[in-house]
Amino acid sequence: MTMDTTISSILVPIDGSEPSVRALTYAAALASRIGASLIGIYVIDPDKVSEQQPFNINFGTFDPNLEPSKKAASDYLDELKENLPVKVPFTKEIAVGYPEKTIVRFAEEKKVSLIVMGNSGKGAASSFITGSVSYYTIHHAKCPVLIVK
Amino acid sequence: MKIDIKSILVPVDESEPAQHAFDYAMTVAEALKAKVTLLYIVDPAIISADNYYIDYGQVAADVESYKKSADEYLDSLIDAAPKDVSISKVISVGSPSREVYRYADKEHIDLVIMGNSGKGAISSLVMGSVSASTIKHAKCPVLIIK
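Residues numbered from 1 in each chain as written. Chains lettered and ligands numbered in written order. Predicted model: local features only at pLDDT ≥ 70, side-chain atom pairs only at ≥ 80, totals over all residues. Heavy atoms only, no water.

## Focus on the overall build of chain A
Line of reasoning, step 1. Within chain A one finds five helices and five strands.
Line of reasoning, step 2. Along chain A, helices (α) and strands (β) appear in the sequence β-α-β-α-α-β-α-β-α-β when read from the amino end.
Line of reasoning, step 3. Considering chain A as a whole, with its 149 residues, one finds that 47% of them fall into the buried category.
Line of reasoning, step 4. Accessible area for chain A stands at about 7,800 Å²; split by element, carbon and sulfur atoms hold 55% of it. (Helix = DSSP H or I, 4+ residues; strand = E, 2+ residues; numbered from the N terminus. Buried < 20%, exposed > 50% of the residue type's maximum accessible area, 1.4 Å probe, protein only. Areas by Shrake-Rupley, 256 points an atom, 1.4 Å probe, with all protein chains shown as cover.)

Given below as structure tokens:
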């Protein structure tokens, strides 16, 4: 059985953590050398957003559209794109859901060639322990996954 | 962070994920003009589990014959590789879970490309202990292929 080894698009899940930014830098360098394009995906976890507003007793004030979070994520991805060390085609994607499931589903739907991600995300106790999102992605993604420390 | 990829380590056994990792590494190495090292680890624990020994001196003799067949397997991969990729082969004896990251660290490898699971895996969808250990301990990035 032979496999398709072409790398045309690289998906990079970004959550604002240092490992995820390192993964983006790595993916950009790789993409520029092999002629691939990048998709930076920021997944907003609604559970985490509501955790950050713990005194939101009146749920009527909780914005179910998550517009402020989406706007912040979008601005953040724009900023990362501006600061990329090399110029490569970069598309941003803002999604809402459980990060690991959203990443895997997106990768399959868009048929990305490769996922490049950090070893651990935001809130990780140690960057030397494989985070739950990277672990889930390696397990469930059909495409290759590159883990950057 | 080191981004320049000059050396790629590909740990292989005769499994299908290893073959995929090898194919993938060839594409990446060609594009990046990186050198590839194929690493085959002969695990004495597997040899003694595969065979029934009365005389344990026989394990050492069998390690030699496993190394010989590993060498032939590596040569068959190299023969099928694109001619413009520089490939070397290394055979070592030990526990694959430890030997892969130790080799990668010792030789300052830039990237490890490996299958998700190896020869003895029940399912290729479950991450093998060798890839899990390599991701956990290796200092360099690790690319996992199904």
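## Describing the pairing of strand 1 (residues 9-13) of chain A
Residues and elements named next belong to chain A.
Line of reasoning, step 1. Where burial is concerned, most of strand 1 is hidden: five out of the five residues are buried.
Line of reasoning, step 2. Every second residue of strand 1 is oriented toward a common face, with Ser9, Leu11 and Pro13 on one face and Ile10 and Val12 on the other, all of them buried.
Line of reasoning, step 3. For strand 1 and strand 2 (residues 37-44), the ladder comprises five bridges, and the chain directions are parallel. Pairing of Pro13 across the sheet is with Ile41, part of strand 2.
Line of reasoning, step 4. Read from strand 1 through helix 1 (residues 18-34) to strand 2, the crossover connection turns out right-handed. (Pairing = 2+ DSSP bridges. Right-handed = clockwise from strand over helix to strand, strands pointing away.)

## Observations regarding the packing of helix 4 (residues 96-106) of chain B against helix 5 (residues 129-137) of chain B
Residues and elements named next belong to chain B.
Line of reasoning, step 1. Where helix 4 contacts helix 5, the two axes come as close as 8 Å, and the packing angle between them is 35 degrees. Handedness of the helix 4/helix 5 crossing: right-handed. The residues of helix 5 that touch helix 4, namely those facing Pro96, Ser97, Val100, Tyr101 and Asp105, are Ser129, Val130, Ser133, Thr134 and His137.
Line of reasoning, step 2. For the contact of helix 4 with helix 5, a count of residues per class yields four nonpolar, five polar and one charged. (Axes fitted to C-alpha atoms, helices over the stretch in contact; angles between N-to-C directions. Left-handed = near helix turned anticlockwise from the far one by under 90°. Contact = heavy atoms within 4.5 Å. Nonpolar A, V, L, I, M, F, W, Y, C, P; charged D, E, K, R; others polar.)

## Some details on the interface of chain A and chain B
Line of reasoning, step 1. Facing 28 residues of chain A, the contacting portion of chain B comprises 31 residues.
Line of reasoning, step 2. Here chain A and chain B share an interface that buries about 2,500 Å² over both sides, 63% of which is from carbon and sulfur atoms.
Line of reasoning, step 3. On the chain A side of the contact with chain B, Tyr26(A), Arg33(A) and Lys149(A) bury the most area, a combined 24% of that side's loss.
Line of reasoning, step 4. Counting the contacts that link chain A with chain B gives one salt bridge.
Line of reasoning, step 5. Put simply, chain A and chain B have eleven residue pairs in polar contact (both at pLDDT 80 or more) between them.
Line of reasoning, step 6. At the level of elements, helix 1, helix 5 (132-140) and strand 5 (145-148) of chain A are the ones that each hand at least two residues to the side of chain A that touches chain B.
Line of reasoning, step 7. Here the side of chain A that touches chain B takes seven residues from helix 1 of chain A, the largest share from any one element.
Line of reasoning, step 8. Taken together, the residues of the side of chain A that touches chain B break down into 17 nonpolar, seven polar and four charged.
Line of reasoning, step 9. Two elements, strand 5 of chain A and strand 5 (residues 142-145) of chain B, share three bridges in a ladder whose sense is antiparallel. Residue pairing across strands places Ile147(A) opposite Val142(B), the latter belonging to strand 5 of chain B. (Buried area = accessible area lost by both parts, 1.4 Å probe. Salt bridge = Lys/Arg side-chain N within 4 Å of Asp/Glu carboxyl O. Polar contact = N/O pair within 3.5 Å; in protein donor to acceptor, adjacent residues only side chain to side chain.)

## Some thoughts on unusual backbone geometry
Line of reasoning, step 1. Even without glycine at this site, Lys111(A) takes up a positive phi of about 50 degrees.
Line of reasoning, step 2. Note that Lys111(A) resides in the loop between helix 4 (99-109) and strand 4 (114-118).
Line of reasoning, step 3. For Lys33(B), which is not glycine, the phi dihedral falls at a positive 55 degrees.
Line of reasoning, step 4. Tracing the backbone shows Lys33(B) in the loop between helix 1 (16-32) and strand 2 (35-42).

## Brief notes about the environment of Val85(B)
Line of reasoning, step 1. Secondary-structure assignment places Val85(B) in the loop between helix 3 (57-80) and strand 3 (87-93).
Line of reasoning, step 2. When residues no more than four places from it in sequence are discounted, the contact partners of Val85(B) are Met26(B), Ala29(B), Glu30(B), Ala34(B) and Val36(B).

## Some words on the side chain of Glu99(B)
Line of reasoning, step 1. Inspection of the secondary structure puts Glu99(B) in helix 4.
Line of reasoning, step 2. Apart from residues lying up to four places away in sequence, Glu99(B) is in contact with Leu39(B), Ile41(B), Ser92(B), Val93(B) and Gly94(B).

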